[in-house]
Amino acid sequence: QIKHSGKNGVRRFDAALDAELERNAVLTRELQSALSKEQLSVVYQPIYHLESGELSKVEALLRWTHPQFGAVSPGVFIPIAEASGQIVPIGRWVIQQACNQGRRWREDYGWTGTVTVNVSPMQFAQPGFLSEVRQTLLLSKLPAHCLELELTENALMQNPASVQRVLGSLRQLGVEITVDDFGTGYSSLAYLRDLPIGCVKIDRSFIDDLTSLRRAPQYAVALITAIVSIARTLNLRVVAEGIETHAQLEAVRNFGCDFGQGYFFSRPLDPDRVSELLDRGQPGALPHLSKRLN
Ligand code: C2E
Ligand code: MG
Ligand code: MG
Ligand code: MG
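The structure presented is a predicted model; accordingly, all values stated were derived computationally and were not measured.

1. Focus on the environment of Gln-248
Piece 1. Relative to the helices and strands, Gln-248 resides in helix H11 (residues 246-255).
Piece 2. Between the C-alpha atom of Gln-248 and that of Leu-210, which follows or precedes it by 38 residues, the distance is 6.9 Å.
Piece 3. What Gln-248 contacts, discounting residues up to four positions off in sequence, is Ile-207, Asp-208, Thr-211, Gly-242 and Ile-243.

2. Notes on the site of ligand 1
Piece 1. Around ligand 1, 20 residues are found, and the nearest of them are Arg-63, Asn-118, Arg-204, Glu-244 and Tyr-263.
Piece 2. Separating an oxygen atom of ligand 1 from a side-chain N or O atom of Asn-118 is a distance of 2.8 Å.
Piece 3. In the model, an oxygen atom of ligand 1 is placed 3.2 Å from a nitrogen or oxygen of the Asp-181 side chain.
Piece 4. Judged by the proximity of its atoms to the pocket grid, ligand 1 belongs to the largest pocket.
Piece 5. Every element with two or more residues in the shell around ligand 1 is listed here: strand S2 (55-66), helix H2 (74-84) and strand S6 (176-182).
Piece 6. With 4 residues, the single largest contributor to the shell around ligand 1 is S2.

3. A short note on the coordination of the magnesium ion (ligand 2)
Piece 1. Those protein atoms acting as donors to the magnesium ion (ligand 2) are Glu-59 (OE), Asn-118 (OD1), Glu-150 (OE) and Asp-180 (OD), and they sit at 2.1 to 2.2 Å.
Piece 2. Mapped onto the sequence, the residues coordinating the magnesium ion (ligand 2) show the spacing E-x58-N-x31-E-x29-D.
Piece 3. The metal-metal distance between the magnesium ion (ligand 2) and the magnesium ion (ligand 3) is 3.8 Å, with Asp-180 serving as a donor to both. Of this pair, Glu-59 sits in strand S2 while Asn-118 sits in strand S4 (residues 114-118), and the two are 59 residues apart along the sequence.

4. Structural notes on the packing of helix H5 (residues 129-140) against helix H7 (residues 160-173)
Piece 1. Remark: H5 packs on H7, axes separated minimally by 10 Å, with the N-to-C direction vectors making an angle of 15°. Regarding the angle of H5 to H7, the classification is roughly parallel. Judged by the twist between their axes, the crossing of H5 over H7 is right-handed. Each of Phe-129, Leu-130, Val-133, Arg-134 and Leu-137 in H5 lies in contact with H7, whose residues at this interface are Val-166, Ser-169, Leu-170 and Leu-173.
Piece 2. Tallied by class, residues from the contact of H5 with H7 come to 7 nonpolar, 1 polar and 1 charged.

What counts as what
Per chain, residues are indexed from 1 in the order of the written sequence. Labels are handed out in written order, letters beginning with A for the chains and numbers beginning with 1 for the ligands. Owing to the predicted nature of the model, reporting of local features is limited to residues with pLDDT of at least 70; listing and counting of side-chain atom pairs is limited to 80 or more, with chain, interface and lining totals taken over all residues. By convention in this description, side-chain values take in all heavy atoms of the structure and omit both hydrogens and water. Strands are runs of DSSP state E lasting at least 2 residues, helices are runs of H or I lasting at least 4, and numbering of each runs from the N terminus. Contacts: residue pairs with any heavy atoms within 4.5 Å of one another. If even one non-hydrogen atom of a residue comes within 4 Å of a molecule or strand, that residue is called near it. Throughout this description, a polar contact denotes any pair of N or O atoms lying within 3.5 Å of each other; where both atoms belong to protein, one of them has to be capable of donating a hydrogen while the other can accept it, and for residues adjacent in sequence the pair is counted only when both atoms sit in side chains. Only protein atoms enter the calculation, which uses a 1 Å grid: trapped sets of points that fit a 1.4 Å probe without letting it out are cavities, open sets showing protein on both sides within 12 Å along at least five of seven lines are pockets, and any residue with an atom within 4 Å of a point is a lining residue. To qualify as sitting in a cavity or pocket, a molecule needs more than half of its atoms within 2 Å of the grid points. Metal donors were taken as nitrogen, oxygen and sulfur atoms no farther than 2.8 Å from the ion, or 3.2 Å where the ion is Na, K or Ca. Water is excluded, so coordination may look unfinished. Only the stretch in contact is used when a helix axis is fitted, and all axes are lines through C-alpha atoms; the angle between N-to-C directions ranges over 0 to 180 degrees. Put simply, angles under 35 degrees are roughly parallel, angles over 145 are roughly antiparallel, angles from 65 to 115 are roughly perpendicular, and the rest are oblique. The crossing is said to be left-handed when, going from far helix to near helix, the turn is anticlockwise and less than a right angle, and right-handed when the turn is clockwise. In the scheme used here, Gly and all other residues not listed as nonpolar or charged are polar, with Ala, Val, Leu, Ile, Met, Phe, Trp, Tyr, Cys and Pro taken as nonpolar and Asp, Glu, Lys and Arg as charged.

This is the structure:
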């Protein structure tokens, strides 16, 4: 009996694994030409300053629209791009897109905010990374202080000496560094003190827990309070990501988070939709947020 179901279980597992390996192989192959076939695009999600309601930043998020598979989730194709090394040219392209777009928003709407771009550990570890960023800024004519790079804790923990050097140079250029998904990686807190980091982004899971029934909210409250307190002491800004409800917005504002991002404000948008937001004026201020504050 047990043997029988065990055998079945193994076979089912094999089949699932085969299917996934097969899918990954297909996606790796298809991703090879995705850039040249113009299947990749970048959308931008607004990040608001919670006190003024201003549109302070937008996060560049990569999208892949495959002619047969449709929209492939970044959760699926980013790990594939990282495993195959394709994230290096693709990530370079995203930074170029974001810088060009950011400069257009500055020129056309007088926007003074920053574009923030996710950078994979492997991309960041490339010897040429720093000079690429420098060159992209020059070519796009985006001021360096209008570019921010998001790195995860794990990326920052990789090679302390070289991370310190690259971040130091970026910081000197004026590029801001944000720790993404803060609180979920394997890291020590010392890097917050030792590295030139300007901002931490509290992971969405903590914001989720504030109002979810799965876990007691007091843990999330304690963790977010502690993160904000550490950030204050180290003079870091705090972004809360994944705000989906008004209750979550009120909570993170009360905890003292500086910026908010999430579906409650806006989904990631095509560049034209961001332009419309900026066109509506008050340098893109969030109407209902600023109204409530005034
Ligand atoms: P991330 O950097 O933590 O980005 C935030 C993700 O949360 C985005 O998912 C965004 O659409 C989603 N999100 C924002 N607000 C909400 C909300 O209120 N509720 C929920 N449920 N989700 C929300 P997306 O675009 O699917 O990207 C997933 C991840 O893929 C990103 O997580 C990032 O790690 C990676 N990624 C995306 N674009 C790039 C890229 O250009 N380069 C690299 N290296 N990674 C990227
Ligand atoms: Mg991010
Ligand atoms: Mg994040
Ligand atoms: Mg995340």
